[in-house]
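Structure at a glance
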Amino acid sequence: MKRVKVAIASVGKPIALALAAVGTYRLARIVSIGAAYQSKTLCSGIFVARREASSILQRDLSADKFGILRHIKTTVDFNAGEVTASLLGIRRKSRFTPGFGSTICYNHFPACNTSAVSPSASPPRQEQEKAEYNPRLEGALEWAFSEPAATKVRRTRAVVVVHEGKIVAERYAAGFNMDTPLAGWSMTKGVMNALVGIMVRMGKTRLDAPIAAPEWLRPGDRRSRISLEHLLHMSSGLRFNEDYGHPLQDVTTMLFSVPDAAHFAAEKPLVAEPGTRLSYSSGSTNIISRNMRHVLGDEQYWSFPKRELFDRIGMTSAVMERDASGTFVGSSFMYATARDWSRFGQLYLQDGIWEGERILPEGWVEFSRRPAPLATENQYGAHFWLKIGQDFSSGDRDIELPEDTFHATGYEGQFLTIIPSRRLVIVRLGLTTQPGAWQHDRFVDLILNSLQQPPH
């Protein structure tokens, strides 16, 4: 019996040590991702959004599920435009570059190894666009900024409603205003849709064009069959876990733990033949972004969003941010004011035409909002949502939005809603972390009903 016990103990000790090592490794990864998230959020908030560091720490990085981030220490170097976050000896740094926002740094990667730069001067104030505030929309605004449930906080930060080309409602939470650029998160995917459309209009790419991914060059690699259209429709067939609920899933690892987001996504294996399965993936968008860089070349690529889109429609505040490899994180990292997000929506409302000039190719908006071939219940188009997800829906079957409604949506309740038949664009930006706290269908319905009421 003693020999048996000794044998069991001798086997159990290595297993226990192995489990402890795995646990330590996982903890280190979680801390590293948390520190990267904190440094990136704080860096963008300070140097892009021009917010006070204390406000970001208290209002953004201590909210609800982010409680663990309270233990991470941060330091800000205003002269270098850098923010460092550290915990348990693990340090992550993000650096601001004028025109490109903030980037999470990694050794030997170019986007964070240029000489240190001081933050640029504050961006110009937003020009006073045509505004005819409609008093009938006050009730909808009150609803958007109210907090009826202490356990499900909305935290609406900005709302802009544009009807028939004019701002008819606008409000901001304390500490935010019309000049505050705010994160769009996955609303950025809609901007990537526009940039692809512009490249198609210019004859620089085609929807059926194969993707030039170095990871797929081996003869017989079935991933080489993936086309630009497959990626836009989220039907690449690549394995990718978009679950934000766990810090070690693919999406959080890609955004906060690797220097090259597109490479991380492109290395994933196929779980279905391209074009046979729809699976929402931020990785697909970043593969599109890197492919765009390959087609255009670095200098043309880095100036492309501003030159061909933002400047042409007056989005003066818009900033797309890069990963450490220098590729735009087209899935998630873009800042713009609520008014500028509404300008982007207005471009799609106007079928891709701005002040008489065609920005997007003819038929592109219809392609973007047409249900993807594999979309169940017609919920997804080409990098735009056609239905509101369960986490941000009231579930009220009596609410039916117009059939031509489509949305660019983002993490934590960012919404750009476009309804061509009603000549209506709605922007809602906030920090909503609890499912059900923000009910976007109800908000849109309130606006639609208010606009239908006769004036007092």
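Residues numbered from 1 in each chain as written. Predicted model: local features only at pLDDT ≥ 70, side-chain atom pairs only at ≥ 80, totals over all residues. Heavy atoms only, no water.

Below, the discussion takes up helix α3 (residues 138–145). The periodicity of an α-helix, 3.6 residues per turn, causes residues three or four positions apart to be oriented the same way. Every buried residue belonging to α3 is among Ala140, Leu141, Trp143, Ala144 and Phe145, and all of these are buried. Among the structural elements, β5 (156–163), β6 (166–172) and α12 (440–452) are those in contact with the buried residues of α3. (Buried < 20%, exposed > 50% of the residue type's maximum accessible area, 1.4 Å probe, protein only. Helix = DSSP H or I, 4+ residues; strand = E, 2+ residues; numbered from the N terminus. Contact = heavy atoms within 4.5 Å.)

In this section: the pairing of strand β1 (residues 73–77). Note that β1 and strand β2 (residues 82–87) share five bridges and pair antiparallel. Bridge assignment links Asp77 to a residue of β2, and that residue is Glu82. Linkage of β1 to β2, two consecutive antiparallel strands, is achieved through a turn of four residues, within which Gly81 is found at a positive phi near 70°. (Pairing = 2+ DSSP bridges.)

Overall, the coordinates contain 21 aromatic pairs when judged by the stated rule. Note on Tyr280 and Tyr380: the rings are 6.0 Å apart at their centroids and 85° apart in plane angle, and the pair reads as edge-to-face. One end of the pair, Tyr280, is in the loop between α7 (261–266) and α8 (282–296); the other, Tyr380, is in the loop between α11 (364–369) and β12 (406–410), with 100 residues separating them in the sequence. Considered together, Tyr280 and Tyr380 belong to a single accessibility category, that of buried residues. One aromatic cluster in this structure is built from Tyr37, Trp185, Tyr244, Phe256, Phe333 and Tyr411. Taking the ring centre of Phe100 as reference, the NZ or CZ of Arg322 above it sits at 3.9 Å. The ring of Trp438 is capped by Arg428, whose NZ or CZ atom sits 4.0 Å from the centre of that ring. (Phe/Tyr/Trp six-rings, centres within 6.5 Å; stacked < 30°, edge-to-face > 60°. Lys NZ or Arg CZ within 6 Å of the ring centre and 35° of its normal.)

This paragraph deals with the packing of α8 against helix α9 (residues 298–313). At a minimum axis distance of 7 Å, the contact between α8 and α9 shows a crossing angle of 125°. Comparing the axis directions of α8 and α9 gives the class oblique. In the packing of α8 onto α9, the handedness of the crossing is right-handed. Two secondary-structure elements touch here, α8 through Ser289, Met292, Arg293 and Leu296 and α9 through Asp298, Gln300, Tyr301, Trp302 and Phe304. Classifying every residue of the contact of α8 with α9 gives five nonpolar, two polar and two charged. (Axes fitted to C-alpha atoms, helices over the stretch in contact; angles between N-to-C directions. Parallel < 35°, antiparallel > 145°, perpendicular 65-115°, else oblique. Left-handed = near helix turned anticlockwise from the far one by under 90°. Nonpolar A, V, L, I, M, F, W, Y, C, P; charged D, E, K, R; others polar.)

In this section: the environment of Leu195. Position of Leu195 among the secondary structure elements: in helix α4 (residues 188–201). Separated by 114 residues in sequence, Leu195 and Leu309 have C-alpha atoms that sit 7.4 Å apart. What Leu195 contacts, discounting residues up to four positions off in sequence, is Met292, Phe304, Pro305, Leu309 and Met320.

The next point concerns the side chain of Asp250. Relative to the helices and strands, Asp250 is located in helix α6 (residues 250–256). A relative accessible area of 13% places Asp250 in the buried class. One polar contact links Asp250 to Lys268, side chain to side chain, over a distance of 2.9 Å. In contact with Asp250, not counting residues within four places along its chain, are Arg239, Phe240, Asn241, Phe264 and Lys268. (Polar contact = N/O pair within 3.5 Å; in protein donor to acceptor, adjacent residues only side chain to side chain.)

Sheets are built from strands that pair by backbone hydrogen bonding, the pairs being arranged parallel or antiparallel. The four strands lie next to each other as β1-β2-β3-β4, forming an open sheet whose pairing is antiparallel. Strands with a single pairing partner mark the edges of an open sheet, and in this sheet they are β1 and β4 (101–104). Averaged over all pairs of adjacent strands, the angle between their axes in this sheet comes to 20°, without regard to strand direction.

The next point concerns the sheet that holds strand β13 (residues 414–419). Read across the sheet, five strands follow the order β6-β5-β14-β13-β12 without closing on themselves; strand pairing throughout is antiparallel. Of all strands in the sheet, those bounded by a partner on one side alone are β6 and β12. Strand-to-strand twist of the sheet, defined as the mean angle between neighbouring strand axes without regard to direction, takes the value 5°. Judged from the six bridges that link them, β5 and β6 form a sheet pairing that is antiparallel. Directly across from Ala158, in β6, lies its bridge partner Tyr172. Each of β5, β6, β12, β13 and β14 (424–430) is contacted by helix α10 (residues 338–349), which is oriented at about 145° to β14, the strand it contacts most. The sheet contacts of α12 involve β5, β12, β13 and β14, and relative to β14 the element is tilted by about 140°.

With that settled, consider the pattern of salt bridges. Under the criterion given, the structure shown has 24 salt bridges. Between Arg307 and Glu308 there is a salt bridge, with the nearest N and O atoms lying 3.2 Å from each other. A single network of salt bridges, built from pairs that share partners, joins Arg307, Glu308, Arg312 and Glu357. (Salt bridge = Lys/Arg side-chain N within 4 Å of Asp/Glu carboxyl O.)

Caution applies to low-pLDDT regions: their predicted coordinates should not be interpreted in detail. In the predicted model, the protein chain carries a mean pLDDT of 90, and 89% of its residues have values of at least 70. Counted against residues more than four places away or in other chains, residues 1–11, with its pLDDT under 50, gives zero contacts. Note on residues 115–121: pLDDT under 50 across the span, and 21 contacts to partners over four residues away in sequence or across chains. (pLDDT = per-residue confidence, 0-100.)

Okay, the nonpolar core next. If you look at the biggest cluster of nonpolar residues, it comprises 126 residues, and the most contacted ones within it are Leu309 and Tyr348. Top contributing element to this core by residue count: helix α1 (residues 2–47), with nine residues. (Core = buried A, V, L, I, M, F, W, Y, C linked by side-chain atoms within 4.5 Å.)

A few words on α9. The first and last C-alpha atoms of α9 sit 23 Å apart over 16 residues, in line with the 22 Å expected at 1.5 Å per residue. Bending of α9 peaks at approximately 50° at the position of Phe304, with proline Pro305 no more than four residues after it. Those residues of α9 that fall on the buried side of the exposure criterion are Tyr301, Phe304, Pro305, Glu308, Leu309, Phe310 and Ile313. Buried-residue contacts for α9 involve α4, α8, β8 (319–320), β9 (334–336), α10 and β10 (353–354). Gly314 occupies a position one or two residues after α9 and carries a positive phi of about 80°. (Expected span 1.5 Å × (residues − 1). Bend = angle between axes of the 7 residues up to and from the residue.)

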